[in-house]
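Spelled out from the first residue to the last, the chains are:
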2 protein chains.
Amino acid sequence: MEDVTVEGILYAFSNPVRIRIYAELAVAECAQICSAYRDIAGVKLPKSTLSQHFAILRETGLIRSERKGTELHNETRCEELEKRFGPMIDSIIDAYIAQNARSRKVIQKKKRK
Amino acid sequence: MEDVTVEGILYAFSNPVRIRIYAELAVAECAQICSAYRDIAGVKLPKSTLSQHFAILRETGLIRSERKGTELHNETRCEELEKRFGPMIDSIIDAYIAQNARSRKVIQKKKRK
DNA sequence: TCAAAAGTTCTGTTATTACGAACTATATAC
DNA sequence: GTATATAGTTCGTAATAACAGAACTTTTGA
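Throughout what follows, the structure given in this document is the object of discussion. (Residues numbered from 1 in each chain as written. Chains lettered and ligands numbered in written order. Predicted model: local features only at pLDDT ≥ 70, side-chain atom pairs only at ≥ 80, totals over all residues. Heavy atoms only, no water.)

1. Considering the side chain of Gln-99 of chain B
Okay, step 1: Along the chain, Gln-99 of chain B turns up in helix α5 (residues 88-102).
Okay, step 2: Engagement of the side chain of Gln-99 of chain B in a polar contact is seen with the side chain of Glu-7 of chain A, the distance being 3.0 Å.
Okay, step 3: A polar atom in the side chain of Gln-99 of chain B sits 3.4 Å from the side chain of Asn-100 of chain B.
Okay, step 4: Sequence-distant contacts of Gln-99 of chain B, that is, excluding residues within four places in its chain, are made with Val-4, Thr-5, Val-6, Glu-7 and Phe-85 of chain A. (Helix = DSSP H or I, 4+ residues; strand = E, 2+ residues; numbered from the N terminus. Polar contact = N/O pair within 3.5 Å; in protein donor to acceptor, adjacent residues only side chain to side chain. Contact = heavy atoms within 4.5 Å.)

2. Observations regarding the pattern of salt bridges
All names here are of chain A.
Okay, step 1: Taken as a whole and assessed by the stated rule, the structure comprises six salt bridges over all chains.
Okay, step 2: Between Glu-80 and Arg-64 there is a salt bridge, and its shortest N-O distance comes to 3.3 Å. Taken as a pair, Glu-80 in helix α4 (residues 78-85) and Arg-64 in strand β3 (residues 63-68) lie far apart in primary sequence, 16 residues in all.
Okay, step 3: As a salt-bridge pair, Glu-80 and Arg-77 come within 3.0 Å of each other at their nearest N and O atoms.
Okay, step 4: We classify Arg-77 as buried; its relative accessible area is 16%.
Okay, step 5: Among the charged side chains, a network of salt bridges with common partners joins Arg-64, Glu-75, Arg-77 and Glu-80. (Salt bridge = Lys/Arg side-chain N within 4 Å of Asp/Glu carboxyl O. Buried < 20%, exposed > 50% of the residue type's maximum accessible area, 1.4 Å probe, protein only.)

3. A closer look at helix α2 (residues 16-28) of chain B
Three or four residues apart is the spacing at which side chains of an α-helix point the same way, because the helix has 3.6 residues per turn.
Okay, step 1: Between the first and last C-alpha of α2 of chain B there are 18 Å, a value that for 13 residues agrees with the 18 Å anticipated at 1.5 Å per step.
Okay, step 2: Buried within α2 of chain B we find Pro-16, Val-17, Arg-18, Ile-19, Arg-20, Ile-21, Tyr-22, Ala-23 and Leu-25 of chain B. (Expected span 1.5 Å × (residues − 1).)

4. Thoughts on the interface of chain A and chain B
Okay, step 1: Each partner contributes to the interface: chain A provides 25 residues, whereas chain B provides 25 residues.
Okay, step 2: Contact between chain A and chain B buries roughly 2200 Å² in total, counting both sides, with carbon and sulfur atoms accounting for 57%.
Okay, step 3: Viewed at the interface, chain B and chain A are joined by zero salt bridges.
Okay, step 4: Our enumeration of links across chain A and chain B arrives at five residue pairs in polar contact (both at pLDDT 80 or more).
Okay, step 5: At the level of elements, α1 (6-13), α2 (16-28), α3 (47-60), α4 and α5 (88-102) of chain A are the ones that each hand at least two residues to the side of chain A that touches chain B.
Okay, step 6: Here the side of chain A that touches chain B gets seven residues from one element, more than from any other, and that element is α5 of chain A. (Buried area = accessible area lost by both parts, 1.4 Å probe.)

5. Points about the relation of the copies chain A and chain B
Okay, step 1: After a rotation of 180° and a shift along the axis of 0.0 Å, chain A superposes on chain B with an RMSD of 0.0 Å. What the superposition gives is, in effect, a two-fold axis relating one chain to the other. Closest approach to the rotation axis among the C-alpha atoms of chain A is made by Leu-10 of chain A, whose C-alpha sits 2.5 Å away.
Okay, step 2: When the interface residues of chain A are mapped onto chain B, 100% of them again lie at the interface, so the same face is used by both copies. (Least-squares fit on C-alpha atoms with pLDDT ≥ 70 in both.)

6. Regarding the environment of Phe-54 of chain B
Okay, step 1: With respect to the helices and strands, the residue Phe-54 of chain B is situated in helix α3 (residues 47-60).
Okay, step 2: C-alpha of Phe-54 of chain B to C-alpha of Asn-74 of chain B: the two residues are 20 residues apart in sequence and 8.7 Å apart in space.

7. Overview of the nonpolar core
Okay, step 1: By size, the foremost hydrophobic cluster in this structure holds 54 residues, and its most contacted members are Phe-13, Leu-62 and Ile-92 of chain A together with Phe-13, Leu-62 and Ile-92 of chain B.
Okay, step 2: Setting aside chain neighbours within four positions, we find Phe-13 of chain B in contact with Glu-7 and Leu-10 of chain A together with Ile-19, Tyr-22, Leu-62, Ile-89, Ile-92 and Ile-93 of chain B. (Core = buried A, V, L, I, M, F, W, Y, C linked by side-chain atoms within 4.5 Å.)

8. Things to note about the environment of Val-17 of chain A
Okay, step 1: Secondary-structure assignment places Val-17 of chain A in helix α2.
Okay, step 2: Sequence separation of Val-17 of chain A and Phe-54 of chain A is 37 residues, and the distance between their C-alpha atoms is 9.8 Å.

9. Thoughts on the packing of α1 of chain A against α2 of chain A
The description of two packed helices rests on the angle between their axes and on the distance between the axes.
All names here are of chain A.
Okay, step 1: Taken N-terminus to C-terminus, the directions of α1 and α2 make an angle of 100°; their axes are 6 Å apart at the nearest point. Classified by the interaxial angle, the pair formed by α1 and α2 is roughly perpendicular. The segment α1 lies against α2, with Tyr-11, Ala-12 and Phe-13 engaging Arg-18, Ile-19 and Tyr-22. (Axes fitted to C-alpha atoms, helices over the stretch in contact; angles between N-to-C directions. Parallel < 35°, antiparallel > 145°, perpendicular 65-115°, else oblique.)

Right, here's the structure in full:
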């Protein structure tokens, strides 16, 4: 938690899949990759891709993962994060949820001009 | 401002140079690229690189740029942004400033094993 | 011990980033 | 007008990182 940085967190959240995963974890408190493909906001993603997204969230310090049998259970580190970064993460997720309430659109890759 | 997204903003801020520029703009309300090289938190950057960072901040919707003679004057779009995203951006910049108050270290490229 | 399910690592391809060089735009001097 | 200087953008390319299929590892349960 010492070398968790603001920039690192923002980078992790800058990916549509990762912020969605975190937002789901923030509500569900537990989720796993499951099976070969999993649906994240209307997009089926291969487990290798999801594995890497979870790894980035983990390395960034946003989530904690624990092995339960063959599965991996994930949860946010929200208490520590709030202690360290104040209301930042909550306000990000709030804005993200509000945004998706306005426009019900599917995750898509970023495209710049 | 319609197609400004949470992910887009977080992506823009995930770069150490860009979040620093925005944080400076949030205080100074005006800054320009200036001369060939400019010092951003202890790193000299070529103007081409800075130009692109400013362009990303602009395209993301975080800043507004106006030509004043040969110079470009930049300022944050904080009022509109706060209306749209609530306390998100302020809490990010607050956390960023607090982080840099704790550890006085120079901007460095992200390295992930 | 074999098979199945859950994840991770490896690998080639594709897309992004960084920065020097070349280019554009504005202002001031001659 | 032409020249020159300053501010900033675009282009080209080499280094970096992301994506996803294939192969591998780990745990469980028959």
